[in-house]
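Understanding the architecture of this molecule
In case you want the letters, here they are:
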Amino acid sequence: MALSAGTTTDSNWWVFTLPAFLGADTLHCDPPLLVLSLFIAFVSLGLFSWTMSPGGVAWSHGRSRRGHIPIPGPRGLPVFGSLFTLARPLPHRALAALSAASCAKSLMAFSIGSTPAVVSSDTAIAREMLSHPAFADRPLKYSARELMFSRAIGFAPSGTYWRLLRRIASAHLFSPRRVAAHESGRQSDCTAMISAITAEQTRTGFVRLRTHLQNAALNNIMGSVFGRRYDISRPDGDPEAEELKAMVREGFELLGAFNWSDHLPWLARLFDPCNVKKRCAALVPRVRKLVSGVIAEHRRRGQNPKVDNADFVNVLLSLEGDEKLDEDDMIAVLWEMIFRGTDTTALLTEWVMAELVLHPEAQAKLRREIDTAVSPQLALTDADVARMPYLQAVVKETLRVHPPGPLLSWARLSTDDVHLSNGMVVPAGTTSMVNMWAITHDDAVWVQPEAFCPERFVEAEGGVDLDVRGGDLRLAPFGAGRRVCPGKNLGLATVSLWVARLVRGFEWRPAAGMPVDLSEVLKLSLEMKTPLAAVAAPREDIVGLF
Ligand code: HEM
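Now for a look at the structure at hand. (Residues numbered from 1 in each chain as written. Predicted model: local features only at pLDDT ≥ 70, side-chain atom pairs only at ≥ 80, totals over all residues. Heavy atoms only, no water.)

**Focus: the site of the ligand**
We apply this condition: Throughout, near means a residue has at least one heavy atom within 4 Å of the molecule or strand. N or O atoms closer than or at 3.5 Å make up a polar contact, with two conditions inside protein: a donor-capable atom paired with an acceptor-capable one, and, for residues adjacent in sequence, both atoms drawn from side chains. A helix here means a DSSP run of H or I that spans at least four residues, while a strand means a run of E at least two residues long, and both kinds are numbered starting from the N terminus. Gly is put with the polar residues, along with every residue not named as nonpolar or charged; the nonpolar set is Ala, Val, Leu, Ile, Met, Phe, Trp, Tyr, Cys and Pro, and the charged set is Asp, Glu, Lys and Arg.
With respect to spatial proximity, 26 residues lie near the ligand, and among them Arg138, Arg166, Arg412, Arg483 and Cys485 are the closest. A distance of 3.1 Å is found between an oxygen atom of the ligand and a side-chain nitrogen or oxygen belonging to Trp162. Only helix 9 (160-173) and helix 16 (327-358) provide two or more residues apiece to the shell around the ligand. In terms of residues, the shell around the ligand owes the most to one element, helix 16, which gives six residues. Split by residue class, the shell around the ligand holds 14 nonpolar, six polar and six charged.

Here's what the structure looks like:
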């Protein structure tokens, strides 16, 4: 379901009438005149569409007025619409400000070049959008298509193939038994991370946590997906791990980059500042080589897929009948898992630890909860973590203040006209977003939304025990509805266990001259702009066991 197909026919049709409009002779005879005429026609038609349409140039022909209540929105600039708003470093904040200024919190229409888009910052409308079957598609960016993601769960158009992938994900890859069976991997990756943190603290007197978290997260997802782990502590680095890291980094950059020609298709041949086309073409064969090598090795070894802790490659190889995937589809699915599972957990854990360094009273309270629940002689497990309400509240509060996907990572695409309960109609072919960041920072929804206060999620302290896995749109950092994140339980289990062990083993304090800076940067996920540096003082009463 290509986005450009829907949007180009709807809003850029007039570009194709230009040759007739200008006359074929002109086209061939006088290039400077042709360029000038094209420019004038382009500007005047752009201006015309723009002045006529709330929501901007992509909302011409009354698109925003199909319901009995029109969708309000900024006109933005001719031709570009609000594209520059979205191309800014923190688009979730810019869109929240724009929705407020346009009195369009419930739903705002805007144009990203020729792409008609809506964004909701309202819990009721967000719920309708995320759960409506006509919003189960996603617009496919050029880079995502080129990098094979249209065959993976995240970008496959909703239909038989995508439903098959979701079934495989819930029944086999992320079933509660499978997530539980991978606990030993979560534990051993955390133990290796704690050793590396201890070594860095001893060597330099403080710790830059992000690298340790990213190494642990990469190994952890590699273990779950490929069944292999790397010796990241090797001073010369493991060549395959280094290649994998480089590939993931490159993929992140390509998928995260704002590609202008996704929204201004006529620009595709003229302007490709990030060199997306060439870089995608170079990356795909590297991915294929690595992943198909891993699949071939699994085929050779013929491991038992029936055991609960079988890796994802074995699980996919063992599927039969209707569920069987061909090799290219397997590569796409496996690659997406590596991709999605690596940074999300690492970056969320970093935000949690940053908040705990800034809030020593919350850190101390969490440590007391852990010490009370687990005796110093015992190792801390997933089962212990599940019995720690304050730990869960700390993770939830971090997800609220710093949702890793503030616009829920990937937008949805409407496949039909959708009538919403507020009287507005979102036409088919509209890129549709939920501004989760705006909702989690809305003072009509949250008391003092800017304050970090885990107690708001502790029932025993008058808070709400809210389900963050898509059940309550006041805080749905994993999305909701049919396309809700399938890795949510795995992500939460990993982050909760790692935070608990890090707080149990060390006292985390600000490092001299390196204050904790909560500034954000939105890449594929919302990251700390300045990676966290902190003192990790080992707790002597727990040594060896945390
Ligand atoms: C802190 C951890 C994570 C967060 C905050 C997160 C967040 C999200 C969000 C917001 C979406 C879009 C949901 C929607 O459209 O309603 C999503 C989709 C997805 N996530 Fe996650 N995610 C996390 C971890 C993971 C992990 C560990 C995996 C797998 C290893 C994963 C795999 C996916 C996939 C495959 C999709 C696409 C689902 C579809 O389109 O059908 N995620 N995630």
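Having seen the structure, we can now continue with the description.
**Some thoughts on the packing of aromatic side chains**
One pair of aromatic rings is described through two measures. These are the centre distance and the angle between the planes. Stated formally: Aromatic contacts are taken between Phe, Tyr and Trp rings whose centres are within 6.5 Å, Trp giving its six-membered ring; a plane angle under 30 degrees counts as stacked, one over 60 as edge-to-face, and the others as tilted. Here, a charge over a ring is recorded when the distance from Lys NZ or Arg CZ to the ring centre is within 6 Å and its angle to the ring normal is within 35 degrees.
Scanning the entire structure with this criterion turns up nine aromatic pairs. Pairwise contacts between aromatic rings join Phe149, Phe155, Phe252, Trp335, Phe339 and Trp410 into one cluster. Here Arg151 stacks its cationic end above the ring of Tyr161, 4.0 Å away from the centre of that ring. Geometry around Trp446 places Arg400 over its ring, the cationic atom sitting 5.5 Å from the centre.

**Digging into the sheet that holds strand 11 (residues 533-538)**
As a reminder, the rule being used: Note: two strands are recorded as paired if DSSP finds a minimum of 2 bridges between them. In this description, contact between two residues means that some pair of their heavy atoms is separated by no more than 4.5 Å. Orientation is described by lines fitted to C-alpha atoms, with helices fitted over the stretch in contact, and by angles between N-to-C directions that extend from 0 to 180 degrees.
As summarised here, the arrangement of the three strands in space is 3-11-8, forming an open sheet in which the pairing is antiparallel. At either end of the open sheet lies a strand with only one pairing partner, and these are strand 3 (207-208) and strand 8 (506-510). In this sheet, strand 11 lies alongside strand 3 in antiparallel orientation, the contact comprising two bridges. Counterpart to Arg208 in the pairing with strand 11 is Ala533. Lying on the sheet, helix 21 (residues 488-505) is in contact with strand 8 and strand 11; it crosses strand 8 at an angle near 85°.

**Quick notes on the coordination of the iron atom of the ligand**
This is how the line gets drawn: Each metal's donors are the N, O and S atoms within 2.8 Å of it, or within 3.2 Å when it is Na, K or Ca, and because water is not part of the set, sites may look incomplete.
Among all protein atoms, only Cys485 (SG) binds the iron atom of the ligand, sitting 2.3 Å from it. On the secondary structure map, Cys485 appears in the loop between helix 20 (436-440) and helix 21.

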